[in-house]
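For reference, the chains in residue letters:
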Amino acid sequence: MHVEFPAPAERTEVVSTFRSDGRWSPHTTRSWEFVGLEEGFRGLDSGDWLPSGAHAGENVIVGMLDSGSWPESRSFGDEGLGPVPARWKGVCQGGDSFNASSCNRKVIGARYYLKAYETHHGRLNATNAYRSPRDHDGHGTHTASTVAGRAVPGVAALGGFAAGAASGGAPLARLAIYKVCWPIPGPNPNIENTCFDADMLAAMDDAVGDGVDVMSVSIGSSGKPPRLPDDGIAVGALHAARHGVVVVCSGGNSGPAPATVSNLAPWILTVGASSIDRSFNSPIRLGNGMVIMGQTVTPYQLPANRTYPMVYAAHAVVPGTPANVTNQCLPNSLSPKKVRGKIVVCLRGSGLRVGKGLEVKRAGGAAIVLGNPPMYGSEVPVDAHVLPGTAVSMADVNTILKYINSSANPTAYLERSRTVVDVKPSPVMAQFSSRGPNVLEPSILKPDVTAPGLNILAAWSEASSPTKLDGDNRVVKYNIMSGTSMSCPHVSATAVLLKSAHPDWSAAAIRSAIMTTATANNAEGGPIMNGDGTVAGPMDYGSGHIRPRHALDPGLVYDASFQDYLIFACASGGAQLDHSFPCPASTPRPYELNYPSVAIHGLNRSATVRRTVTNVGQHEARYTVAVVEPAGFSVKVSPTSLAFARTGEKKTFAIRIEATGKRGRRLDRKYPAGSYTWSDGVHVVRSPVVVLVG
């Protein structure tokens, strides 16, 4: 679809014209308790994990751009909620299986957007999705309940896994649903959705007019990120930021390769994904007596203590299977004669994880063991497979394959799985989480923060099975999902809580508070690690893991105005994003935007960066700076102390970054990282500093 607008000379409010492509897709409990544990608070029932008390967020409205919602979910009940905020101007748009009674004092509005989708794909097939705000997919219900779902006791995933109370981070906030994502026509349309620029822009425009305070957008570009003027989410988010709306987006699931993160505009809060301290342990007992610990949430079990023959998928494929995917258990690749009645070892890679289980079942296998290739390391997403099975790390699948290759008659049996908490270390960065640097503008560090996104339990659409596979007719009310789609709403809820506590703060101030109070340490005090065992850094997690309670009282914030963003866009590629504001003849360097992190690209011996902080703490405060220098560079902050006489006072300082000598090849393809931290003895205001070398 091509969106036609009048020429800019006729309409000064036109930002740009660009094709409205379906290049966007959704970025696909204990997590909130774990966020509290990161801050030293224990006990979901105590309410400690709620940063600002029981009424946090009650009058804050969060707009969800996603695949809709399942209004009957207990997570969306409105018991005890007060009247809908008087400033709300939205509607409850009816349609297929959705009417005015589908909205209440929790889900206060709902709309759906189809024009661009139907222009491209033709009329929606109503067997694949509801022509209404109702969620057929499950993704939108999952993300909405993670942000603001009510506390619901006694829930669990299929099979009783992850049992306990499920709650969103801001359980009293109001939800406004904007359905912009729809199934891709094809053999199995419900596996993945697509979301068109024009539909998303219309939704974001309506959301601003309706009166939302925060937008949660678990959607990102597939492939190379578009330029800012051609990026529907970025353009819509800038419009929202102008009106004080905080926009939070997922960073994408294309990691661990570098330069894969999406949603790159500095007026967006971009989120990576990390683990929580829960696992679903599923022991595998090999025929040689060795026990390997897998993880699973499949409700199906093999008979207790019964041993089965074991086979590696690469040894059991039909002729003609491409050599590079013989171990992948792709559709119709396995020989029933070679796998019938056996435990089949498959590797992650191409295709859906649950699809590999379906292929093993089709060929008559008894169970699946799904192993990680090297790039995924120890990260183990769990699935409700359609047959017994479990998943293992890279090291463990290598041990299993070594046993298979050294045994004339390899066998194994799978023991029952169970939910385990207090797993250490945690959090660990998910390998799927997209990494920096920012390919559009390396001088803005992305992602901004990380939050729980691996194996998250939340509400689900009863029209969608837990695997979304054709032939899987199981119905669940709650489901476990992984992705930056799951971490994004954790940060959205944090923004809701800050908006509730500080209604006068700008969107930039709220983003700053979340970033500068994030931690680069895990819950045990060590550095956050990647799933492959390496130490993580700012290119993996931005400023670190969110700490909502700390963010409520950040001490200092880095603010930025709509005009600051326009000047940044001019400086970064010459993008004029508001035709009533011509780009100035000379612009500051992109890294001069008053951002809570610092990234320097193309350093020519030295660079000086200026930042301005606003005191949002007590009236009189004195902050001193501490610096951790990146390897091979010196970082000098001037002045080294800042004295504030009143709340709201601003102070500017300079950061000089200089190469300290000849850099060896060791640094040429690295991202040396350090930090500078302002502290008054109570508040710790930390900003990462990254130099992009080469």
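Residues numbered from 1 in each chain as written. Predicted model: local features only at pLDDT ≥ 70, side-chain atom pairs only at ≥ 80, totals over all residues. Heavy atoms only, no water.

Engineer: How do you make sense of the overall build of the chain when you look at a structure like this?
Structural biologist: When its secondary structure is counted, the chain shows 13 helices and 34 strands. The C-alpha radius of gyration of the chain comes to 25 Å, within 12% of the 26 Å expected for a compact globule of 694 residues. With respect to the principal axes defined by its C-alpha atoms, the chain has extents near 75 × 65 × 50 Å. Looking at the chain as a whole, 61% of its 694 residues qualify as buried. About 25,100 Å² of surface is accessible on the chain, with carbon and sulfur atoms providing 51% of the total. Taken together, the 63 basic and 54 acidic charged side chains of the chain have centroids lying 6 Å from each other. (Helix = DSSP H or I, 4+ residues; strand = E, 2+ residues; numbered from the N terminus. Rg over C-alpha atoms; globule rule 2.2 N^0.38 Å. Buried < 20%, exposed > 50% of the residue type's maximum accessible area, 1.4 Å probe, protein only. Areas by Shrake-Rupley, 256 points an atom, 1.4 Å probe, with all protein chains shown as cover. Lys, Arg positive; Asp, Glu negative; His and termini not counted. Charge placed at Lys NZ, Arg CZ, Asp CG, Glu CD.)

Engineer: Honestly, the nonpolar core in this entry has me stumped. Any pointers?
Structural biologist: It is characteristic of soluble globular proteins that their nonpolar side chains tend to be buried jointly. Core analysis: the largest hydrophobic core is formed by 86 residues, its most contacted members being Leu65, Met215, Trp267 and Ile514. Formed by 27 residues, the second largest nonpolar core is a distinct cluster that contains Phe633, Tyr676, Trp678 and Val685. (Core = buried A, V, L, I, M, F, W, Y, C linked by side-chain atoms within 4.5 Å.)

Engineer: Help me understand the sheet that holds strand β27 (residues 598–601) in this model?
Structural biologist: In any sheet, the strands associate via hydrogen bonds between backbone groups, in a parallel or an antiparallel arrangement. Spatial ordering of the open sheet is given by β27-β34-β33-β29-β31, a layout of five strands whose pairing is mixed. What marks the edges here is a single partner per strand, and that holds for β27 and β31 (641–644). Averaged over all adjacent pairs, the angle separating strand axes in this sheet is 20°, with direction ignored. Bridge analysis of strand β33 (residues 673–679) against strand β34 (residues 684–692) gives seven bridges, and the strand direction is antiparallel. (Pairing = 2+ DSSP bridges. Axes fitted to C-alpha atoms, helices over the stretch in contact; angles between N-to-C directions.)

Engineer: Explain the sheet that holds strand β28 (residues 606–615) here, please?
Structural biologist: What the four strands build is an open sheet, ordered β26-β28-β32-β30; its pairing is antiparallel. With one partner strand each, in any of the chains shown, β26 (556–557) and β30 (633–638) form the two edges of the open sheet. Where β28 meets strand β32 (residues 650–659), nine bridges bridge the pair, whose relative direction is antiparallel. Bridging from a neighbouring strand, Ser606 pairs with Glu658 of β32.

Engineer: Hey, could you run me through the state of the cysteines in this one?
Structural biologist: The term disulfide refers to a covalent linkage connecting the sulfur atoms of a pair of cysteines. Following the criterion strictly, the structure yields four disulfides and no others. A disulfide bridge connects Cys92 with Cys103, and the sulfur atoms are separated by 2.0 Å. Residues Cys92 and Cys103 are joined through a disulfide that is right-handed, its torsion about the S-S bond being 90°. Of this pair, Cys92 sits in the loop between β2 (61–66) and β3 (107–112) while Cys103 sits in the loop between β2 and β3, and the two are 11 residues apart along the sequence. On the basis of relative accessible area, Cys92 is assigned to the partly exposed category, the value being 24%. The class for Cys103 is buried, based on a relative accessible area of 12%. Covalently, Cys570 is tied to Cys583 through a disulfide, its sulfur atoms 2.0 Å apart. Taking the sign of the S-S torsion, -85° for the link of Cys570 and Cys583, the bridge is left-handed. (Disulfide = S-S within 2.5 Å.)

Engineer: Please clarify how the side chain of Thr614 should be interpreted in this entry.
Structural biologist: Positionally, Thr614 belongs in strand β28. Residue Thr614 is classed as buried on the basis of its relative accessible area of 9%. Within the structure, the side chain of Thr614 is placed 2.9 Å from the side chain of Lys650, a separation counted as a polar contact. Apart from the residues within four sequence positions on either side, Thr614 is in contact with Gly555, Leu556, Val557, Asp559, Gly648, Glu649 and Lys650. (Polar contact = N/O pair within 3.5 Å; in protein donor to acceptor, adjacent residues only side chain to side chain. Contact = heavy atoms within 4.5 Å.)

Engineer: Would you mind going over the UniProt feature "active site" (unreviewed entry) in the chain with me for this structure?
Structural biologist: As annotated by UniProt and renumbered to match this structure, "active site" (unreviewed entry) occupies Asp66, His139 and Ser485. With the annotated positions falling across 420 residues, the maximum pairwise C-alpha distance of 9.9 Å places them together in a single cluster. Within the element layout of this structure, His139 appears in helix α3 (residues 139–148). Accessibility expressed as a relative area gives 1% for His139, which makes it buried. Residue placement: Ser485 occurs in helix α9 (residues 484–501). A polar side-chain atom of Ser485 sits 2.8 Å from a polar atom in the side chain of His139. (UniProt positions renumbered as here; feature names shortened; annotations may be inferred.)

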